[in-house]
Amino acid sequence: MRFGDTPIDEAAGAILAHSWRASGVNFAKGRRLSEEDVARLKAAGASSVVAARLDADDIHEDEAAATVAKALAGEGIEITAPFTGRCNHFAREAGLAVVDHERIDALNELDESVTVATLPPFARVEPRQMVATVKIIPYAAPRSAVARALEVATSANRPLVAVAPFKAMRAGLVQTRLPGTRDKVLDKAVGTTTKRLTSLGSALVGERRVAHEARAIAGALAELKDEGCDIFLVAGASAIVDRHDVVPAGIEAAGGKLIHFGMPVDPGNLLLTAELDGRPVLGLPGCAKSPKYNGFDMVLERLAAGIPVGRAEIVRMGAGGLLAEIASRPQPRDDSEGEEAGPQAAPRVAVLVLAAGRSTRMGGPNKLLAEADGQPLVVHAVQAALASQAVEVVVVLGHMADAVRGAVEQAVPAGARLRFVANPDFADGLSTSVRAGIAALGKDIDAAIVQLGDMPGVGAALLDRLMAAFSPVEGRSICVPTVAGKRGNPVLWARRFFPEIARLSGDTGARHLIGEHADLVCEVEMAGEAAVTDIDTPEALAAWRARSKPMSPGK
């Protein structure tokens, strides 16, 4: 890659390294300059620009990031579209991050252009939480560096990054008593244990309170085993201080086998691991009665995720095992405890499909029901939205609402993440449909893509690329697709703009807000003409049909 001051006459095809905002030109850094862009820069007085020009052995940052991200990802991972050389991995469901630390280090040693950052191994993750990110540092990576990264990713029979999902466990709890043991204390332990298990998708299905004697513990375990428990928790009234103490003796008397006593984690040192008929048994340390994160949680989480926990795994928990003075991971909390900042998560983006218009320029028929490439225009839009990474799709209905809804419902599977919203004021212009769609969104939605129902070329990949570009922290709160520098649709809007959108009027939509918030606009260059092609007239529809018609055999 050649980087530096580039004569303006040689800049076509180069990637702009620094934003240019002067003399009516507003180009963001990272823009690939077209011939038209160069002409505008020359007219604005530019004789050169700082830019990057890719060589034959370079791979563009987005392609490189997507290639590496795909190679790293294992089960339970969803990959975002690449943008500015970054591709993120998010968890599909709750579980533990499974990270191959050594191979991540090896990959990061290959070349400074290719980097991977992950959560710590066995970090607990929630659905849509970020697990890893691949970032290409410059505007391109050497082809050889990407090839070596792929070699590292395929060098072992396991992925570098995955999520082991939590699986439901039926737990049984045995608590022992000594003279003076209060029921209130035992009741509180039941509540804390129940919350722990529930947060992992599991349940406490049985409890026994017995004397602090080996024989009594063995009897309680036998009863819980007969009740179908698949994990057993034993909380002694007195902490276990030796592998021959009462609790381990009771486990052995029930036919269990001790695996390991003690762990290099504080709090949690006095945890006992054992096995009974192939099912895990944990002798709990005293800190298990507290909701605060401790060594018991570290082991319980792995068991819930189906990850084996033997002696070797226990003794390797020392690095990072000092928990007393660090912020805890997600855990059951007392109501008295304050809230913590949540983990970094994928933004929750909804797609609003505007399908309420009267199609006046079509000369009569509802264009959204017109056939294009085998199905109605509106169906193309809805199917693209459902195939994207959006968390919800809202279709705004108005003119011929029943017919439009029927066409959509006939084409999409039952149970799709799809809702319909009526706009009774559709005759008053496009803005009323945008307002109706925005008003229907829940408080958990971070952004909305306003998608026109008459743009059949807009696919899921285009929508996903807009979502990948969205980053309010980095100043990308309005994401606009462009084709050769020309702005198009659909547009993504951060939630902060919803109040302004709710005050729109007329038939112009929210375009004027882009100009009013230019510093928060991100232009996202798209391949093809989809983002600037809508169907407004019979001639436009005929042209689209001609372009999309399958070739006959032999042609």
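If you're wondering where the values come from, they're calculated on a predicted model, not measured in any experiment.

Engineer: Summarise the overall build of the protein chain; cite the residues concerned and give the values.
Structural biologist: Looking only at helices and strands, one finds 16 helices and 30 strands in the protein chain. By principal-axis analysis of the C-alpha atoms, the protein chain measures approximately 90 × 55 × 55 Å. Within the protein chain, buried positions represent 49% of all 555 residues. When the accessible surface of the protein chain is totalled, it reaches about 25300 Å², and 52% of it is carbon and sulfur. Positive and negative charge centroids in the protein chain, built from 61 and 68 side chains respectively, lie 2 Å apart.

Engineer: Go over the pattern of salt bridges with me, naming the residues and quoting the values.
Structural biologist: Under the definition given, this model contains 26 salt bridges. With its nearest N and O atoms 2.9 Å apart, the salt bridge here joins Arg 103 to Asp 100. Here Arg 103 falls in the buried class, since its relative accessible area comes to 8%. The partner of Lys 367 in a salt bridge is Asp 536, and the shortest N-O contact between them spans 2.8 Å. Of this pair, Lys 367 sits in the loop between β21 (349-355) and β22 (371-372) while Asp 536 sits in the loop between β30 (521-525) and α16 (538-548), and the two are 169 residues apart along the sequence. A residue is classified by how much of its surface remains accessible, and Asp 536, at 18% relative accessible area, is buried.

Engineer: Let's hear about the packing of aromatic side chains: which residues, and what values?
Structural biologist: On inspection of all chains with the given rule, the structure shows one aromatic pair. The interplanar angle of 75° and the centroid separation of 6.0 Å between the aromatic rings of Trp 493 and Phe 497 together place this pair among those described as edge-to-face. Classification of Phe 497 by relative accessible area gives buried; the value is 0%.

Engineer: Got a sec to walk through helix α5 (residues 183-199)? Specific residues and values, please.
Structural biologist: Across its 17 residues, α5 extends 24 Å between first and last C-alpha, which sits within 8% of the 24 Å expected from 1.5 Å per residue. Looking at α5, one finds that the buried residues are Leu 186, Ala 189, Val 190, Thr 192, Thr 193, Arg 196 and Leu 197. For α5, the elements touching its buried residues are β15 (170-177), β16 (203-211), β17 (231-235) and α8 (295-304).

Engineer: Please give an account of the side chain of Asp 62 that cites residues and values.
Structural biologist: With respect to the helices and strands, Asp 62 occurs in helix α2 (residues 61-72). Judged by its relative accessible area of 9%, Asp 62 is buried. With sequence-adjacent residues up to four places away left out, Asp 62 is seen in contact with Pro 82, Phe 83, Thr 84, Gly 85 and Arg 465.

Engineer: Lay out the sheet that holds strand β12 (residues 130-136) with the relevant residues and their values.
Structural biologist: One open sheet holds the four strands; their spatial order is β7-β8-β12-β10, and the pairing between them is antiparallel. Sheet topology places β7 (77-79) and β10 (114-118) at the edges, where each strand pairs with a single neighbour. The sheet shows a mean angle of 20° between the axes of neighbouring strands, taken without regard to direction. Direction of pairing for strand β8 (residues 86-91) relative to β12: antiparallel, over a ladder of five bridges. Counted as the bridge partner of Phe 90 is Met 130 from β12. Strands in contact with α2 are β7, β8, β10 and β12; relative to β12, the strand with the most contacts, it is inclined by about 140°.

Engineer: Describe the sheet that holds strand β2 (residues 15-16), with residues and values.
Structural biologist: Read from one edge of the open sheet, three strands run β1-β5-β2, paired in antiparallel fashion. In this open sheet, the two edge strands, each paired with only one partner strand, are β1 (2-7) and β2. Where β1 and strand β5 (residues 48-53) come together, six bridges link them in antiparallel fashion. In the sheet register, Gly 4 faces β5, and the bridge partner there is Ala 51.

Engineer: Pulling in residues and values, what's your account of the packing of α2 against helix α4 (residues 143-153)?
Structural biologist: Where α2 contacts α4, the two axes come as close as 9 Å, and the packing angle between them is 10°. Looking at the two axes, α2 sits roughly parallel to α4. Together, Ala 64, Thr 67, Val 68, Ala 71 and Leu 72 of α2 and Val 146, Ala 149, Leu 150 and Ala 153 of α4 make up the contact between the two elements. Considered class by class, the residues forming the contact of α2 with α4 number eight nonpolar, one polar and no charged.

Engineer: Now, about the packing of helix α6 (residues 214-226) against helix α7 (residues 246-253): what can you tell me, with residues and values included?
Structural biologist: Running from N to C, α6 and α7 cross one another at 50°; their axes reach a closest spacing of 7 Å. By the angle class used here, α6 and α7 are oblique. Relative to α7, the crossing made by α6 is right-handed. Residues Ala 214, Ile 217, Ala 218 and Leu 221 of α6 form the contact with α7, whose participating residues are Val 246, Val 247, Ala 249, Gly 250, Ile 251 and Ala 253. The residue makeup of the contact of α6 with α7, split by class, is nine nonpolar, one polar and no charged.

Engineer: Please provide a residue-by-residue account of the side chain of Arg 128, values included.
Structural biologist: Within the fold, Arg 128 resides in the loop between β11 (124-125) and β12. Polar side-chain contacts of Arg 128 include one of 2.8 Å to the backbone oxygen of Pro 347. What Arg 128 contacts, discounting residues up to four positions off in sequence, is Phe 90, Ala 91, Ala 345, Ala 346, Pro 347, Arg 348, Gln 389 and Val 391.

Engineer: Could you give me a rundown of α4, with the residues and numbers involved?
Structural biologist: Within the sequence span of α4, burial applies to Ala 145, Val 146, Ala 149, Val 152 and Ala 153. Buried residues of α4, seen end-on, are gathered within an arc of 115° and therefore sit on one face of the element.

Engineer: Please provide a residue-by-residue account of unusual backbone geometry, values included.
Structural biologist: Along the chain, Asp 266 connects to Pro 267 via a cis peptide bond; the corresponding omega equals 0°. Relative to the helices and strands, Pro 267 resides in the loop between β18 (257-261) and β19 (272-276). Geometrically, the link from Asn 489 to Pro 490 is a cis peptide bond, its omega value of 0° lying close to zero. Structurally, the position occupied by Pro 490 is in the loop between β28 (486-487) and β29 (491-494). Not every positive phi belongs to a glycine, and Phe 122 is a case in point at roughly 70°. Tracing the chain through its elements places Phe 122 in the loop between β10 and β11.

Engineer: Quick rundown of the pairing of β29? Include the residues and the values.
Structural biologist: Residues Val 491 and Trp 493 point to one face of β29 and Leu 492 and Ala 494 to the other, with burial holding for every one of them. Bridge count for strand β26 (residues 447-452) against β29 is four bridges, and the pairing is antiparallel. Residue pairing across strands places Ala 448 opposite Trp 493, the latter belonging to β29. Direction of pairing for strand β27 (residues 478-483) relative to β29: antiparallel, over a ladder of two bridges. Looking at β29, one finds that Cys 479 is bridged to Leu 492.

Parameters and conventions
Residues numbered from 1 in each chain as written. Predicted model: local features only at pLDDT ≥ 70, side-chain atom pairs only at ≥ 80, totals over all residues. Heavy atoms only, no water. Helix = DSSP H or I, 4+ residues; strand = E, 2+ residues; numbered from the N terminus. Buried < 20%, exposed > 50% of the residue type's maximum accessible area, 1.4 Å probe, protein only. Areas by Shrake-Rupley, 256 points an atom, 1.4 Å probe, with all protein chains shown as cover. Lys, Arg positive; Asp, Glu negative; His and termini not counted. Charge placed at Lys NZ, Arg CZ, Asp CG, Glu CD. Salt bridge = Lys/Arg side-chain N within 4 Å of Asp/Glu carboxyl O. Phe/Tyr/Trp six-rings, centres within 6.5 Å; stacked < 30°, edge-to-face > 60°. Expected span 1.5 Å × (residues − 1). Contact = heavy atoms within 4.5 Å. Pairing = 2+ DSSP bridges. Axes fitted to C-alpha atoms, helices over the stretch in contact; angles between N-to-C directions. Parallel < 35°, antiparallel > 145°, perpendicular 65-115°, else oblique. Nonpolar A, V, L, I, M, F, W, Y, C, P; charged D, E, K, R; others polar. Left-handed = near helix turned anticlockwise from the far one by under 90°. Polar contact = N/O pair within 3.5 Å; in protein donor to acceptor, adjacent residues only side chain to side chain. Arc of directions from axis to C-beta.

Any functional reading would require information beyond the geometric quantities listed.
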